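Working through the structure, step by step
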Amino acid sequence: MNTRVLTGITTSGTPHLGNYAGAIRPAVVTSTQPGVDAFFFMADYHALIKCDDPARVARSRLEIAATWLAVGLDPERVTFYRQSDIPEIPELCWVLNCVTAKGLMNRAHAYKASVDQNEAKGVEPDDGVTMGLFSYPVLMAADILMFNAHKVPVGRDQIQHLEMARDIAQRFNHQYGRDYFTLPEVTIEEEVATLPGLDGRKMSKSYNNTIPLFEGGAQALRASVMRIVTDSRAPGEPKDAENSHLFTIYRAFATPAQSAAFRKQLEEGMGWGDAKQFLLDHLEQLLAPMREKYFDLMANPGRIEEVLQAGAAKARKLATPFMAELREAVGLRNLSVAVSQDKAAGKKAKGKGARFVSFRDDGGFRFRLLAADGAEVLLSRPFVDPKEAGQYMRRLQEASPDELLQAGRVTVDGNEIAVAPADQDASEWTARLREALLSLPRD
Ligand code: TRP
């Protein structure tokens, strides 16, 4: 079986260079590897937790979808979809909510951070905390478990969420007695650059220090690169490449040989202005062809919509039957199916025990008792009335064998029903008959 690699990206922002180097690019590379089934999706339900501006959410979904397609994600090969197009995900989320300990969620970093901030401000601990934020890890577990992902590449800040997804999966599997869910493993790509932003801190929307990937075009890219903070060493002075985030950004997009050459130039005194231009030219060369595709897609949102609808259909081919199985597991079943299944189960149990067979011969109406293995253990005397034969069968079924059996004879209310065949040992026959009577279904 192929390895299922799944990851999601929250649609609340505009992709920047850090997202590209840290998440998008490595994910696309992974998706082209043999033996990998990749599932990439837009976590737009998660976006609602962070962002209450509908225009922003809508715009971000479009930008992120266009970005993934522009950088070379092949939607034929990858299952590429929006979370909100898969109704089974919130459905599963509810089921998982019902096995998730509240105490587990109390320990989630994102929630605890909000509580800490509130305490520092001297307001109610849960001030401004929605149930969405609180149960965020359960929705994320549903994203992952819905497709039984083996590996989930994420940033370090998501490790705890993966541990919670495993915990929730285990609880469900234990509760419902079968390994419905694969336990997902987190993958942190050590190689992947955490890109510094303009000011040297991690590139992040919340620090307002990002370099846009495509939005704003070449101009915006230029404007950002020119704002990268450097030290005050003048042209001609040797630069400390290792401690320059301008160099760190370059290195994330260059071959080792290119990086070595750039480092040498910096150490030999290249001015920061020239260094910025050098970085800009390098990025522009890399990004321009993808940017062109990006704007082409942005101008044709219907094309993106079509790709995503096809992706949703592909994802639901897996999600719909799996959710049906999970509904079954927890007891949310079609009533008529449930009843006939129980009947079938009953029949099966009956099939394993002894049974009566009635028939008619020259002497009248008789019945046989067949043991579980089908061997005849009793042949009744003939009865004139078939109803009488039926009554005796019922009595044999209801009464305790001790009431009915004497050595080599079966009697019901004083009436002899059968005797041991002449060719069989009476006590052996009685023992077998006793066993068969005990295995008759009692309803
Ligand atoms: N919480 C993730 C983030 O902010 C996004 C996400 C949502 C995700 N669901 C997921 C990532 C499932 C991996 C798997 O980065």
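Residues numbered from 1 in each chain as written. Predicted model: local features only at pLDDT ≥ 70, side-chain atom pairs only at ≥ 80, totals over all residues. Heavy atoms only, no water.

1. Section: the pattern of salt bridges
In this structure the tally under the stated criterion is 23 salt bridges. Ionic pairing is found between R178 and E325, a salt bridge with its closest N-O pair at 3.3 Å. Taken as a pair, R178 in the loop between helix 9 (159-175) and strand 5 (185-187) and E325 in helix 14 (residues 301-330) lie far apart in primary sequence, 147 residues in all. Judged by relative accessible area, which is 43%, R178 ranks as partly exposed. Each of R56, R59, E63 and E215 takes part in a single network of salt bridges with overlapping partners. (Salt bridge = Lys/Arg side-chain N within 4 Å of Asp/Glu carboxyl O. Helix = DSSP H or I, 4+ residues; strand = E, 2+ residues; numbered from the N terminus. Buried < 20%, exposed > 50% of the residue type's maximum accessible area, 1.4 Å probe, protein only.)

2. Concerning the pairing of strand 3 (residues 79-82)
Here strand 3 shows two buried faces, one formed by T79 and Y81 and the other by F80 and R82. Where strand 2 (residues 36-43) lies against strand 3, four bridges are found, and the strand directions are parallel. In the strand pairing of strand 3, F40 is matched with F80. (Pairing = 2+ DSSP bridges.)

3. Description of the packing of aromatic side chains
All told, the structure shown has 20 aromatic pairs when counted by the stated rule. Plain terms: the ring middles of F41 and Y81 are 5.4 Å apart, the flat faces sit at 15° to each other, and that makes the pair stacked. Taken together, the residues F41 in strand 2 and Y81 in strand 3 connect sequence positions 40 residues apart. Classification of F41 as buried rests on a relative accessible area of 4%. Using a relative accessible area of 0% as the deciding quantity, one classes Y81 as buried. Through pairs of rings, three or more aromatic residues link up here, namely F172, Y176, Y180, F181 and F322. The ring of Y207 has R201 lying over it, and the distance from NZ or CZ to the ring centre is 4.2 Å. Positioned over the ring face of F359 is R368, at 4.4 Å from the centre of the ring. (Phe/Tyr/Trp six-rings, centres within 6.5 Å; stacked < 30°, edge-to-face > 60°. Lys NZ or Arg CZ within 6 Å of the ring centre and 35° of its normal.)

4. Describing the pairing of strand 7 (residues 364-370)
A large share of strand 7 lies buried, amounting to five of its seven residues. Taken together, the seven bridges between strand 6 (residues 355-361) and strand 7 define a ladder with antiparallel strand orientation. Its bridge partner lying in strand 7, R355 is registered against L370. Between strand 7 and the antiparallel strand that follows it, strand 8 (residues 376-379), lie five residues; G374 among them carries a positive phi value of about 90°.

5. Some thoughts on the site of the ligand
In the region of the ligand, 14 residues are neighbours, and H46, Y136, M140, D143 and Q158 sit closest. One of the side-chain N or O atoms of Y136 is found 2.5 Å from a nitrogen atom in the ligand. At 3.0 Å, a side-chain N or O of Q158 approaches a nitrogen atom of the ligand. Bound to the protein, the ligand loses 89% of the 360 Å² it would expose on its own. Contributions of two or more residues to the shell around the ligand are made by strand 1 (3-10), strand 2 and helix 8 (136-145). (Near = heavy atom within 4 Å. Polar contact = N/O pair within 3.5 Å; in protein donor to acceptor, adjacent residues only side chain to side chain. Areas by Shrake-Rupley, 256 points an atom, 1.4 Å probe, with all protein chains shown as cover.)

6. Focus on the nonpolar core
Ranked by size, the top nonpolar core spans 54 residues in total, and within it L17, W68, F80 and F253 carry the most contacts. Counting contributing residues, this core receives three or more from each of domain 1 (3-100 + 135-192 + 300-328) and domain 2 (205-298). Counting 48 residues, the second-largest nonpolar core is a separate cluster that includes F41, A142, I144 and F181. (Core = buried A, V, L, I, M, F, W, Y, C linked by side-chain atoms within 4.5 Å. Domains from an automatic or database assignment.)

7. Topic: the sheet that holds strand 9 (residues 405-406)
Read from one edge of the open sheet, three strands run 9-10-11, paired in antiparallel fashion. Here the strands that pair on one side only, and so sit at the sheet edges, are strand 9 and strand 11 (415-419). Note: strand 9 against strand 10 (residues 409-412), two bridges, orientation antiparallel. Note on strand 10: the bridge partner recorded for L405 is V410.

8. Structural notes on the packing of helix 3 (residues 54-70) against helix 13 (residues 272-298)
Contact geometry of helix 3 with helix 13 gives a least axis separation of 9 Å together with a crossing angle of 135°. With respect to helix 13, the element helix 3 is oriented oblique. The crossing of helix 3 and helix 13 is right-handed. Contacts between helix 3 and helix 13 pair R59, L62, E63, A66, T67, L69 and A70 from the former with M290, K293, Y294, L297 and M298 from the latter. When the residues that make up the contact of helix 3 with helix 13 are grouped by side-chain class, the tally is eight nonpolar, one polar and three charged. (Axes fitted to C-alpha atoms, helices over the stretch in contact; angles between N-to-C directions. Parallel < 35°, antiparallel > 145°, perpendicular 65-115°, else oblique. Left-handed = near helix turned anticlockwise from the far one by under 90°. Contact = heavy atoms within 4.5 Å. Nonpolar A, V, L, I, M, F, W, Y, C, P; charged D, E, K, R; others polar.)

9. Thoughts on the state of the cysteines
A covalent bond bridging the sulfur atoms of two cysteines is what the word disulfide describes. Under the criterion given, the structure shown has zero disulfides. Sulfur of C93: no disulfide; nearest cysteine sulfur belongs to C98 and is 9.6 Å away. (Disulfide = S-S within 2.5 Å.)

10. Here we look at the sheet that holds strand 6
As summarised here, the arrangement of the three strands in space is 6-7-8, forming an open sheet in which the pairing is antiparallel. Single-partner strands in this sheet number two, and they are strand 6 and strand 8. Strand-to-strand, the axes of this sheet are offset by a mean angle of 25°, without reference to chain direction. Of the strand pairs in this sheet, strand 7 and strand 8 are connected by three bridges, and their pairing is antiparallel. Each bridged residue has a counterpart across the sheet, and for L369 the counterpart in strand 8 is L378. Sitting on the sheet, helix 16 (residues 386-398) touches strand 6 and strand 7, and the angle it makes with strand 7 is about 25°.

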